[in-house]
Structures are given as C-alpha cells and as structure tokens.
Amino acid sequence: MKVISGICVMPLLTACGHQTETVKSADFFAMDTYMSLKAYGSDAEAAVRESEARIYELEQTFSVTNDASDIWKINHADGQSVPVSADTVSVLQTAQTMHRECGGAFSISLYPVLRAWGFTTGEYRVPADDVIAGLLHNVDDTLISVDSQTVRCPDEMQIDLGAVAKGYTGDEVMEIMRAHHISSAIINLGGNVQTLGSKPDGSAWTVGITDPFAPDALIGTVSVTDKAVITSGNYERCFTGEDGCRYWHILDPADGFPADNGLVSVTVIGYSGTECDALSTALFVEGTEQAVQHWRRSGNFEMILVTSDGKLLLTEGIAAVYTAKTEMPCRVVHRDDES
Ligand code: AMP
Ligand code: MG
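One structure accompanies this document, and this report is about it. (Residues numbered from 1 in each chain as written. Chains lettered and ligands numbered in written order. Predicted model: local features only at pLDDT ≥ 70, side-chain atom pairs only at ≥ 80, totals over all residues. Heavy atoms only, no water.)

With respect to the coordination of the magnesium ion (ligand 2)
And step 1. Protein coordination at the magnesium ion (ligand 2) comes from Ala163 (O), Asp277 (O), Asp277 (OD) and Thr281 (OG1), with a distance range of 2.1 to 2.4 Å.
And step 2. Within one chain, the residues donating to the magnesium ion (ligand 2) are spaced in sequence as A-x113-D-x3-T. With alanine 163 in the loop between strand 7 (150–152) and helix 6 (165–179) and aspartate 277 in helix 7 (residues 273–286), this pair connects stretches of sequence that are 114 residues apart. Across the pair, aspartate 277 and alanine 163 agree in class, each one buried. (Donors = N, O, S within 2.8 Å, 3.2 Å for Na, K, Ca; no water. Helix = DSSP H or I, 4+ residues; strand = E, 2+ residues; numbered from the N terminus. Buried < 20%, exposed > 50% of the residue type's maximum accessible area, 1.4 Å probe, protein only.)

See below:
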C-alpha cells in the first residue's frame with residue numbers, strides 16, 4: 001500500500017494472488033467538513049483524483065465567503081442579474097422545486113437569519129426577536145429568478161446552498177466514477193453517504209445512521225446499493241444559549257428559529273443525492289405528519305425519522321433493510337395506511 005498526499009492506493013488480489021482490480025481512497029477536508037472517497041476498479045485512481053478536484057471546484061462555486069464564487073456574486077449584485085455556472089443553475093432549480101413542494105419549509109434565502117444566529121461562523125448567539133423579524137422580511141425564495149445562465153435576487157436578499165450543495169456534489173462525483181467505469185464506490189461527504197453499485201463481493205453497502213441522542217453511536221444501519229443516504233439532524237452545529245435552551249442550524253422559515261416540529265433527525269434514502277439532501281432538510285422542518293404525507297405523495301424516496309420523544313419511524317421501502325442497534329420503539333409507515 002502506498003499513500004500519496006492523502007490518497008491511498010491498494011491492489012486487490014484474488015485467492016491465488018493475481019491482481020484483479022485496485023481500490024483507491026482519499027480523505028480530505030472540503031466544504032467545511034471531512035470527506036472520504038473509495039472506489040474499486042482498474043481506473044479507480046484517476047476517478048478518485050478527478051472527483052477530489054471536482055469537489056474543490058464546486059466548493060469554490062458554491063462558497064458564500066469566497067468573492068470569486070457564484071453565490072458571493074449573486075449575494076453582492078445589488079439586485080442585478082448575474083451570469084453563473086450550469087452547476088449553480090441546476091442546484092438553484094432543485095432548491096426552487098423543493099421550496100414549492102414543501103410549502104416554504106425549504107428556503108435558501110434564510111442566509112441572513114442563519115448569519116444572525118452565528119451558524120455560518122460558529123460564533124453562536126440568540127438574536128433579538130425584532131432582529132429576526134426584520135431579517136425575515138427578505139426571506140422569500142419565490143423572488144429569486146433563475147434562467148438557463150443567469151440568476152437575480154432582490155437587493156436585500158442573500159442565499160446559501162448549505163442544505164443541498166453536498167448532495168449535488170455527491171451526484172457529480174458519482175458521474176465521474178461512472179465515466180471511469182467504476183462499478184463499486186462509496187463516498188462520505190460530511191455524513192452524506194452515496195454508494196455506487198454494491199461492494200466488490202456483490203453484497204450491499206452497510207451505512208450507519210447516527211443516534212441523534214448520542215451522536216457517537218448508531219441507532220441502526222441500512223443495507224443499500226446505488227443509493228444516497230443523507231441525514232439532517234439537530235445534533236450538528238448546535239449550541240446551548242444563556243437561557244439553557246439548545247439551538248440548532250436548521251431554521252424554520254416560518255419564524256426564523258431552529259425548526260422544532262417534533263423531529264431530531266431525518267434520513268432520506270434515494271437515487272439522487274441532490275434531492276435527498278434538499279429533502280432531508282425540508283422534511284426536518286416539516287415535522288413528522290407533513291413528512292409522512294410528503295413521502296406518500298412523492299414515491300421516489302424512503303426515510304427514517306427520529307422524533308424528539310425518542311421514537312423511530314421507518315417507511316415501508318427501507319424497513320426490510322434496516323437493522324436496529326438500539327431499543328428505540330419503532331413504527332413502520334405504509335403507503336396505504338390511513339394514519
Ligand atoms: P442539512 O445539513 O443538509 O440539513 O443543511 C443544513 C444547512 O442548510 C444549514 O447549515 C443552513 O446552511 C441551511 N439551512 C438551514 N435551514 C434551512 C432551511 N429551512 N431551508 C434551506 N436551508 C436551510
Ligand atoms: Mg440537506
């Protein structure tokens with residue numbers, strides 16, 4: 001095995017010692033989080049290197065702080081139209097669809113409110129009610145206009161793609177893997193797991209689901225192939241205020257406060273990383289009942305909800321491949337249930 005600047009290269013041998021294919025992995029920090037990539041195949045080294053470069057490119061494109069990024073330009077355009085990359089157009093279109101489909105629970109124009117809470121810098125504080133109310137006047141994703149090459153936001157509005165950018169990035173990595181004929185890959189972009197095919201031995205990938213009440217442990221695992229497994233939880237980017245209350249980084253656009261609608265974590269399992277990422281954030285804000293209705297309407301994802309009173313809810317399409325690691329009471333929701 002050799003290690004080249006964080007990239008691990010290891011030939012895989014058959015039982016009789018012949019080299020069959022290579023496993024390549026890379027661990028690095030990007031988009032403000034730890035990332036790891038692992039691919040199996042004869043072209044795996046190129047696939048992993050290209051993927052890592054693409055992640056850095058997208059980090060530049062979507063950054064809210066880099067003055068060369070598309071998002072920085074949109075946020076500082078004084079209401080003018082800005083030419084942007086196809087990547088930005090694509091993510092913004094998904095964000096707009098999600099905003100429409102979940103009655104405003106998903107809103108990329110919350111950025112100034114997130115900043116007031118300190119979630120963008122880690123300098124956490126509880127903003128005064130009138131500060132939040134003032135900032136909410138400029139939160140309205142319907143006022144963002146996106147065409148095939150340009151984007152325009154109202155003067156006072158600022159956006160951030162924190163809820164969806166990593167899912168899109170994962171999809172782009174998977175495209176690169178496919179272009180290099182990789183049949184087996186798993187990536188973890190700061191907790192967003194995406195898998196390509198199955199493990200090299202043909203069995204499904206096992207992905208752990210964090211216990212939101214004990215984030216170093218798992219509530220369970222799911223066995224998946226060709227799927228994204230993406231979680232939004234209240235245990236990340238959170239703080240305890242001087243009032244003794246806990247606050248977290250997923251905000252309810254209805255009031256600008258951390259979404260507290262009965263859920264502490266939402267895991268979405270589906271084919272598109274972009275959609276699963278946007279959905280996990282949106283369903284967290286929607287809360288249990290609306291999330292279940294959303295799932296019944298949609299039909300192209302499965303989910304695992306953990307409620308704030310310590311219950312687990314699985315949709316029928318994921319229940320068979322879920323293995324519990326805790327005693328948490330569990331209910332399986334069926335598409336045809338009345339409840
Ligand atoms: P995620 O971890 O994918 O759920 O994304 C959470 C991130 O999305 C936060 O750190 C914010 O940057 C942003 N965010 C918070 N609340 C919302 C919301 N209601 N709609 C869209 N983005 C949000
Ligand atoms: Mg998300």
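What to know about the nonpolar core
And step 1. Counting 68 residues, the largest nonpolar core has Ile74, Phe106, Leu161 and Met177 as the members making the most contacts within it.
And step 2. For this core, the leading source of residues is helix 7, giving 7 residues.
And step 3. For leucine 161, the contacting residues outside a window of four places in its chain are Phe62, Ile71, Val91, Leu92 and Ile108. (Core = buried A, V, L, I, M, F, W, Y, C linked by side-chain atoms within 4.5 Å. Contact = heavy atoms within 4.5 Å.)

Quick word on the site of ligand 1
And step 1. By nearness alone, 16 residues border ligand 1, and Ser107, Ser232, His249, Leu251 and Thr281 come closest of all.
And step 2. Here an oxygen atom of ligand 1 and a side-chain polar atom of histidine 249 are 2.8 Å apart.
And step 3. Aspartate 277 has a polar side-chain atom sitting 3.0 Å from an oxygen atom of ligand 1.
And step 4. About the coverage of ligand 1: the protein hides 91% of its 500 Å² of free accessible area.
And step 5. At 3 residues, helix 7 tops the list of elements feeding residues into the shell around ligand 1.
And step 6. Classifying every residue of the shell around ligand 1 gives 9 nonpolar, 5 polar and 2 charged. (Near = heavy atom within 4 Å. Polar contact = N/O pair within 3.5 Å; in protein donor to acceptor, adjacent residues only side chain to side chain. Areas by Shrake-Rupley, 256 points an atom, 1.4 Å probe, with all protein chains shown as cover. Nonpolar A, V, L, I, M, F, W, Y, C, P; charged D, E, K, R; others polar.)

Some remarks on the layout of surface pockets
And step 1. Of the voids in this model, the second largest pocket is the one considered here, and its volume is about 190 Å³.
And step 2. As for the second largest pocket, its lining consists of Thr94, Thr97, Met98, Glu101, Glu275, Leu279, His294, Arg297, Ser298, Asn300 and Phe301.
And step 3. Those elements giving two or more residues to the lining of the second largest pocket turn out to be helix 3 (86–101), helix 7 and helix 8 (288–298).
And step 4. Of all the elements, helix 3 adds the most residues to the lining of the second largest pocket, at 4 residues.
And step 5. Classifying every residue of the lining of the second largest pocket gives 3 nonpolar, 5 polar and 3 charged. (1 Å grid on protein atoms, 1.4 Å probe; cavity = no way out; pocket = protein on both sides within 12 Å on 5 of 7 lines; lining within 4 Å. Points joined across faces, edges and corners; volume = space filled by probe spheres on them.)

Focus on the packing of aromatic side chains
And step 1. Evaluation of the coordinates by the stated rule reveals 12 aromatic pairs.
And step 2. Taking the centre distance of 4.9 Å and the plane angle of 10° together, the rings of tyrosine 124 and phenylalanine 239 count as stacked. Placement of tyrosine 124 in the loop between helix 4 (111–117) and helix 5 (129–136) and of phenylalanine 239 in strand 13 (residues 238–240) is noted, with a sequence separation of 115 residues between them.
And step 3. For tyrosine 124, a relative accessible area of 30% corresponds to the partly exposed category.
And step 4. Among the aromatic residues, those joined into a ring-pair cluster are Trp117, Phe119, Tyr124, Phe239, Tyr247 and Phe257. (Phe/Tyr/Trp six-rings, centres within 6.5 Å; stacked < 30°, edge-to-face > 60°.)

Remarks on the packing of helix 7 against helix 8
And step 1. Where helix 7 contacts helix 8, the axes come no closer than 6 Å and their chain directions differ by 135°. Taken as axis vectors, helix 7 and helix 8 run oblique relative to one another. For the pair formed by helix 7 and helix 8, the contact residues are Leu279, Leu283 and Glu286 on the first element and Thr288, Gln290, Ala291 and His294 on the second. (Axes fitted to C-alpha atoms, helices over the stretch in contact; angles between N-to-C directions. Parallel < 35°, antiparallel > 145°, perpendicular 65-115°, else oblique.)

Some remarks on the sheet that holds strand 6 (residues 145–146)
The pairing of strands in a sheet comes from backbone hydrogen bonds and takes either a parallel or an antiparallel form.
And step 1. The 3 strands are arranged 5-7-6 in an open sheet whose pairing can be described as antiparallel. The sheet is open, and its two borders are formed by strand 5 (82–83) and strand 6, each paired with just one other strand. (Pairing = 2+ DSSP bridges.)

As for the sheet that holds strand 11 (residues 214–224)
And step 1. In space, the 3 strands of this open sheet follow the order 10-11-20, with antiparallel pairing throughout. Among the strands making up the open sheet, the edge pair consists of strand 10 (205–211) and strand 20 (322–324). Pairwise comparison of adjacent strand axes, ignoring direction, gives a mean angle of 35° for this sheet.
And step 2. Strand direction decides the pairing type here: strand 11 and strand 20, joined by 3 bridges, are antiparallel. Pairing of threonine 221 across the sheet is with threonine 323, part of strand 20.

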